[in-house]
Each structure stands twice: as structure tokens, then as C-alpha cells.
Amino acid sequence: MARRAAPAAVPPIAPPDPVAAADLGARLLAWYDRDRRDLPWRPRPGETPDPYAVWLSEIMLQQTTVAAVKPYYARFLARWPTVRALAAADDDAVMTEWAGLGYYARARNLLKCARVVAGEHGGRFSTTEEGLRALPGVGAYTAAAIAVICFGRRAVVVDGNVERVMARLFAVEEPMPGAKPSLRAYADSLTPSERCGDYAQAVMDLGATLCTPRSPACGLCPWRPDCRGLREGVAESLPRKVPKAERPTRRAVMFWIQRKDGALLLRQRPAKGLLGGMMELPSSPWEAALMPDPAEAVATAAPLAFHDWHAVPGLVAHTFTHFHLELSVVMARVGANPRVRGVWVPLDRLDEHALPTVMRKVIRHALTKGFRGADNALHPGDRL
DNA sequence: CATGCGTGGTC
DNA sequence: TGACCAAGCAT
């Protein structure tokens, strides 16, 4: 599939004329009506979409797969059926319910947005793209999606699927993100005024189910006869992207500190930045260096100082968007009432706290591999 | 405007 | 098996 040499300075092809665009739209909608996916947030034909439900789903679906979203969407909607209910929720409850879904700034903005809508807009979402765009966590894509799906306004919905479909349909060779304006212009040229909500979901569905990043199912595509990328044999290689920088590896020592009654010491991360507002085990700083000497890490970074640290064999590995993380774990038991910043959580109540996946991995590793005996007592200079 | 921001699935 | 990727947004 890899045809590398891009033709020299091929001018972009003109957007289709209105008649051709209408024909493409009609064929796409025919395909959509026949093969429509049944998704929990998608109203049946004729039903009126609930803007709260659509908004909630769109936030969750940002950079996140349908399969991952489904159980979270169901739990959120069951627990907070309206935007007013969500606005009244505790921050910690929302973060706990979101734990594991990732991109936690979305959850913080979700709550902010719910409180704006409930407190300042009488519990009703704006019906305009501009009004929606002003809400926390609602960007160009989400505003357009809600406006078109819920309120039938013609809006150009451009997500990663649409960009990929347009890049292939019009054989756009310019790499991302430079190609974004062209791709939006092509998407605009195809966006109809009638059934625009169905059209928006149809073109995204096309990208999600047929015009996939790898191995697109061109044989099933309603736009196959028109696809310039397919005709030129470059469809699968589009859209072009500049290779990503290599991800560095950061390392740290995590401190598993258990009180006499069995409770584990957790603390809350700062509200902004990586895993903002989520709970964590204390640790040495996450640095792009060799794994710290555990004794040194204990001496310089542990919240409490004492002697009976035990090393847990092995490492916990986790990959974030922009770096790899390797963690070793040391365990200690402390007295009945140590004075230290944080919260003490019984092991059978960890689920009640906003623990991101990386911390759940650490906990599982400690519970699985952690020794209790003196065999692996930590001595100065010990390496894990 | 380039960068920071999670996680699980896929091949 | 590790690299790539997903219905983006904020700064």
C-alpha cells in the first residue's frame, strides 16, 4: 500500500459542485439508514435527542473509543440523569466515577460546564454553536456536534474521522496538521442543510467503521466511485502525519504505606496537570533518569521516615501520551496514628476513591507481589 | 500554535 | 510486542 513519492505540487482538487455534493450526501445517508449503528446516546429515528445525554457522550468520546465509553456513559446517566443532578454532584464523586477513562481534565470541565448550564442558563444548553462553544470543555467539534445533532442547525462537524475521510476522498497529500483548513473546507462543501444531524453522524460512522485508519473497507464504501485517494492508490496512507517524537521514560519509587489497621496512605494530586485532582500513592519525583536507588528515594522523598521498608520485586510499567513510566514499589507498615498529609483508606474501600489506572496497576502489583517477611528487607544500596 | 493530556484495543 | 491510534480541548 505504501506509495511514498508524493506527486510534485499537485494542486488541490476543487470541492464538488452542489449537485455532486448532494449526490454524495444522498448516498451516504442511504448507507447510514441501512447500516445505522445502535449506540446508547443515539436517538432512534424520530426521537428527539436529549442535549444533556448528547453532550455527556460527546465529552466522553473525545479521543476515546466507543467501547471504552459505553459503561461509563451508562453509569453517569443512571447516577446523574439530568444536568441539574450532575451540577449538584460532589467533585470527588464525579472524579471517582470517571476514574479509568483518562484525560481527567474532561471530568473537571464536565462538572464546571454542568454548573454553568444549571446555574446560569436555567438548566438548558444553548442551541447555537457559538453559545455551546463558550462552555468549559466544549471546543469546535463538540459545539458543532451538539448544535447539529440536537438542534438541527447546519454545522460543519470535523473530528478525526471526518478529516481522514476528506483526506482520502480528495487525496489531500499535505501532512497534518497543516491540512486541517483544507479538510474543513472540503467537509463544509459536502455538509447539507437537510438531515444535517444524520449526515454528521453518518460521515463520522463512515470513518469509524469503513474508512478506518488501517485496512479500510473500501469495497463497502458508498463513496468508493468518487474516492480520489482510492483511485490513486494512496487512500490507506492518508492523512499523512509527521512522525511523533520518541517518548522518554520516566522512573520513580512508589511508597506503599500501610497503617496498623491496614489502611493505605493516599494523597490527592494537584488540581491541574497530569492526573489532575486524582488520588495517588506518594512517590519520589517522576524523572527521566535511571530508577532511583530505593533507599535514597526513601530518605529524600518518603512522607515518613523509618527503617522497615520492603522492596516489592519487579516493576510497574505504564505509558502516558507523552512518556513511559516505570515504577518500583517499596512497602512499610507504620504505627496507629502517624502524622502525615493524606488520607488513610481501607483496602476494601479503594473503589470509593478516584484512582487512575496507573495507580490501580501499582496497587495490584503490591498486593500480588509484595512480600511481608524479612526476606526482602531493604538495605542501603539495594537495587530493585 | 505546539504541546500536554490517559487508556485500552489492534496488528 | 511495541507502536500506533480514538467522536479534542486548553493553554
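Residues numbered from 1 in each chain as written. Chains lettered and ligands numbered in written order. Predicted model: local features only at pLDDT ≥ 70, side-chain atom pairs only at ≥ 80, totals over all residues. Heavy atoms only, no water.

Enquirer: What am I meant to see in the domain arrangement of chain A here?
Expert: Interface size is often expressed as the accessible area that is lost when the parts come together. Domain assignment breaks chain A into domain 1 (18-237) and domain 2 (249-369). Of note, the centres of domain 1 and domain 2, computed from C-alpha atoms alone, are 37 Å apart. Contact with domain 1, which involves eight residues of that partner, is made by 16 residues of domain 2. Note on domain 1 versus domain 2: buried area summed over both sides is about 730 Å², and carbon and sulfur give 53% of it. The three residues of domain 1 that bury the most area against domain 2 are Thr96, Tyr104 and Arg108, which together make up 56% of that side's buried surface. Taken together, the connections running from domain 1 to domain 2 amount to zero salt bridges. The interface formed by domain 1 and domain 2 includes three residue pairs in polar contact (both at pLDDT 80 or more). (Domains from an automatic or database assignment. Contact = heavy atoms within 4.5 Å. Buried area = accessible area lost by both parts, 1.4 Å probe. Salt bridge = Lys/Arg side-chain N within 4 Å of Asp/Glu carboxyl O. Polar contact = N/O pair within 3.5 Å; in protein donor to acceptor, adjacent residues only side chain to side chain.)

Enquirer: Help me out: how do you make sense of the nonpolar core in this one?
Expert: The nonpolar side chains of a soluble globular protein tend to be buried with one another. One finds Trp55, Met166 and Trp223 to be the most contacted residues of the largest nonpolar core, which totals 110 residues. A total of nine residues in this core trace back to one element, the largest contributor, which is helix H8 (residues 140-151). Here this core gathers at least three residues from each of two domains, domain 1 (18-237) and domain 2 (249-369). In this structure methionine 166 touches Ala171, Val172, Leu183, Tyr186, Ala187, Leu190, Tyr199, Val203 and Trp223, once residues within four positions along its chain are discounted. Met291, Val298, Leu304 and Trp309 belong to the second largest nonpolar core, which has 15 residues in total. (Core = buried A, V, L, I, M, F, W, Y, C linked by side-chain atoms within 4.5 Å. Buried < 20%, exposed > 50% of the residue type's maximum accessible area, 1.4 Å probe, protein only. Helix = DSSP H or I, 4+ residues; strand = E, 2+ residues; numbered from the N terminus.)

Enquirer: Can you help me understand the UniProt feature "domain: HhH-GPD" (unreviewed entry) in chain A in this one?
Expert: Under the present numbering, the feature "domain: HhH-GPD" (unreviewed entry) in UniProt falls on residues 60-209. With 65% helix and 0% strand, the stretch residues 60-209 has end C-alpha atoms that lie 19 Å from each other. (UniProt positions renumbered as here; feature names shortened; annotations may be inferred.)

Enquirer: Please explain unusual backbone geometry as it appears in this structure.
Expert: Where the residue is not glycine, phi is negative for most of them; where a peptide bond is considered, it is trans in most cases. Here the bond from methionine 176 into proline 177 is cis, since omega is 0°, no more than 30 degrees from zero. Mapped onto the secondary structure, proline 177 falls in the loop between helix H9 (160-169) and helix H10 (180-190). Cis geometry marks the peptide bond from leucine 238 to proline 239; its omega dihedral reads -5°. For proline 239, the location among the structural elements is in the loop between helix H12 (228-231) and strand S1 (249-258). In this structure, leucine 275 takes a positive phi of about 55° despite not being glycine. Topologically, leucine 275 is positioned in the loop between strand S2 (264-268) and strand S3 (279-280).

Enquirer: Explain the packing of helix H1 (residues 18-35) against helix H11 (residues 196-210) to me, please; I cannot follow it from the model alone.
Expert: Viewed as axis vectors pointing N to C, H1 and H11 meet at an angle of 70°, and their least axial separation amounts to 9 Å. When the axis of H1 is compared with that of H11, the two are roughly perpendicular. In this structure, H1 uses Gly25, Leu28, Leu29, Trp31 and Tyr32 to contact H11, whose residues at the interface are Asp198, Tyr199, Gln201, Ala202, Val203, Asp205, Leu206, Thr209 and Leu210. Taken together, the residues of the contact of H1 with H11 sort by class into nine nonpolar, three polar and two charged. (Axes fitted to C-alpha atoms, helices over the stretch in contact; angles between N-to-C directions. Parallel < 35°, antiparallel > 145°, perpendicular 65-115°, else oblique. Nonpolar A, V, L, I, M, F, W, Y, C, P; charged D, E, K, R; others polar.)

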